[in-house]
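Reading the structure
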Amino acid sequence: MRLSHLLAWLLLLPGFSTRAHPGSGIAVDGQGRVFFASGPMIVMIGTNGVTSTVVHDKTNEKFYQLHHIQRLPDGGLVTASDLGNAVWRFTSEGRLERSYPPPNEDRPLSIGLGGDPFAIDGAGNLYAVNARQDRFTQVLRITPEGQIRVLAGGDWGFADGVGERARFADLHSGSMLATAEAGLLLTDDDRRVRRVASDGTVTTLAGGSERGYRDGPGRNALFDGASGLALDARGHVLVVERAGRIRQISKEGMVSTLAGTANGGSTDGPVASATFDEPTGIAVAPNGDLLVLEPHGPRVRRISGGHVVTIVRGLPESGP
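Residues numbered from 1 in each chain as written. Predicted model: local features only at pLDDT ≥ 70, side-chain atom pairs only at ≥ 80, totals over all residues. Heavy atoms only, no water.

1. Brief notes about the side chain of H68
Along the polypeptide, H68 turns up in the loop between β4 (51–56) and β5 (69–71). Separated by 3.0 Å, the side chain of H68 and the backbone oxygen of G115 make a polar contact. If we skip the residues at most four places from it in the chain, H68 touches G23, S24, G25, V78, T79, A80, G115, D116, P117, F118, G174 and S175. (Helix = DSSP H or I, 4+ residues; strand = E, 2+ residues; numbered from the N terminus. Polar contact = N/O pair within 3.5 Å; in protein donor to acceptor, adjacent residues only side chain to side chain. Contact = heavy atoms within 4.5 Å.)

2. Here we look at the sheet that holds strand β26 (residues 299–304)
To summarise the sheet geometry, strands pair through backbone hydrogen bonds and adopt either a parallel or an antiparallel arrangement. Here five strands make up an open sheet; going across it, the order is β23-β27-β26-β25-β24 and the pairing antiparallel. Because the sheet does not close on itself, it has two edges, and the strands there are β23 (269–270) and β24 (281–284). Bridge analysis of β26 against strand β27 (residues 307–313) gives six bridges, and the strand direction is antiparallel. By the bridge assignment for β27, I303 is matched with V308. (Pairing = 2+ DSSP bridges.)

3. Notes on the sheet that holds strand β19 (residues 226–231)
The sheet built from five strands is open, its strands ordered β18-β22-β21-β20-β19 with antiparallel pairing. Each of the sheet's edge strands pairs with one partner strand only, and the pair in question is β18 (216–217) and β19. When β18 meets strand β22 (residues 254–259), the two strands line up antiparallel, connected through two bridges. Of the residues in β22, the one forming a bridge with G216 is V255.

4. Concerning the pairing of strand β25 (residues 290–294)
Two faces, one strand: in a regular strand the side chains alternate between the faces of the sheet. The buried fraction of β25 is high, at five of five residues. Of the two faces of β25, the one holding L290, V292 and E294 and the one holding L291 and L293 are both buried throughout. Between β24 and β25, which pair antiparallel in sequence order, lie five residues; one of them, G288, sits at a positive phi of approximately 95 degrees. Examined bridge by bridge, β25 and β26 share five bridges and lie antiparallel to one another. If you follow L291 over to β26, its bridge partner there is R302. Hairpin geometry of β25 and β26 is characterised by an intervening segment of four residues between the two adjacent antiparallel strands and by a positive phi of about 135 degrees at G297. (Buried < 20%, exposed > 50% of the residue type's maximum accessible area, 1.4 Å probe, protein only.)

5. A few points about the nonpolar core
Among the nonpolar cores identified, the biggest contains 15 residues, and L185, V193, F223, L229, V237, V239 and I249 are the most heavily contacted of them. Listed by contribution, the elements that provide at least two residues to this core are β17 (201–207), β19 and β20 (237–241). With three residues, the single largest contributor to this core is β19. Excluding residues that lie within four positions of it along the chain, V237 makes contacts with L185, L205, L229, A230, L231, R247, Q248 and I249. (Core = buried A, V, L, I, M, F, W, Y, C linked by side-chain atoms within 4.5 Å.)

6. Description of the pairing of strand β11 (residues 136–142)
The buried fraction of β11 is high, at six of seven residues. Once strand β10 (residues 126–132) ends, the chain turns through three residues before running back antiparallel as β11, passing D134 with a positive phi of about 65 degrees. Examined bridge by bridge, β11 and strand β12 (residues 148–155) share seven bridges and lie antiparallel to one another. If you follow Q138 over to β12, its bridge partner there is G153.

7. Things to note about unusual backbone geometry
Of note, the bond from Y100 into P101 is cis; its omega dihedral lies within 30 degrees of zero at -10 degrees. Following the sequence through the fold, P101 ends up in the loop between β8 (96–100) and β9 (119–120). Following G297, the chain continues into P298 via a peptide bond in cis, with omega recorded as -15 degrees. A positive phi angle, close to 60 degrees, is found at D189, a residue other than glycine. Position of D189 among the secondary structure elements: in the loop between β15 (183–188) and β16 (192–196). In the Ramachandran plot, D190 falls in the positive-phi region, its phi being about 70 degrees despite a non-glycine side chain. Mapped onto the elements of the fold, D190 is located in the loop between β15 and β16.

8. Some points on the packing of aromatic side chains
Summed over all chains, the structure comprises one aromatic pair. Taking the centre distance of 5.9 Å and the plane angle of 65 degrees together, the rings of F35 and F90 count as edge-to-face. Here F35 is found in strand β2 (residues 34–38), whereas its partner F90 is found in strand β7 (residues 87–90), with 55 residues between them in sequence. Of the two residues, F35 and F90, neither departs from the other in class, the shared state being buried. It is R245 that lies over the ring of Y213; its NZ or CZ is 3.6 Å from the centre. (Phe/Tyr/Trp six-rings, centres within 6.5 Å; stacked < 30°, edge-to-face > 60°. Lys NZ or Arg CZ within 6 Å of the ring centre and 35° of its normal.)

9. Structural notes on the environment of P101
A residue is classified by how much of its surface remains accessible, and P101, at 4% relative accessible area, is buried. Once the C-alpha coordinates of P101 and P144 are considered, the two residues, 43 residues apart in sequence, prove to be 9.3 Å apart. Not counting chain neighbours up to four residues away, the residues in contact with P101 comprise N85, A86 and R107.

Set out below in structure tokens:
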């Protein structure tokens, strides 16, 4: 049975939902256009505020439920198939080109399977997850030539360290972000934000052993459903919590709350009183505004000048 057909069958089972682990699928290009994922679609919000569907795999041949969108250092945009067989580069006109594996080449490694996070750095290295629940979790680095290396990780758990001495738990429901300034950033087990250096050294930037809410220094802070990541122009790490908050980790390691109250709902207003409905993704616009994705709806919210405003509610009426 094809995986896409299997997923469709699973949707008929009680309690099964493709929204069980929505990803951080939102990005902004250099022109300020916003792209977000919803099901088998990628929707673009133009600079004029008009939405249009730029990618729609109606037959689920390439993907079934898109989870992540990454903006590459060269400005291009990519998404990973949840079928695990390809990373696709896409354009605002809707063109799809297979980025990994290279065209006319097959490679056995699965990327993005079931919504696993991934990232691509400025040198073209691809970062992916290799894991089995409660047994092991590894972060892999795949070079443009196809060489695969376990960058960090081993047995399931938590430990900072170098290479296989480091431990990760559940990376599946989080996200990855490759940056020139901070290395590879990732959210781990809904409660920590961690950094993986190019030599495989893993450190914990913030978060503790429990889920909860607390601002403060690095590992004294608590997160509740840490999901999407972004890096702002000042080098601060932005973290979306599914509980309904937008948090910031400063370059000095202090965690603070930028917006949201975790009171439920999706209400606009000043950042101190606005609410978010299980947000999962965040992106930074060229002018510094923050764009937040709420998959249920879906909605896209803009944080600007101390206020939260909903700029998109629902999907375009028509698409390709």
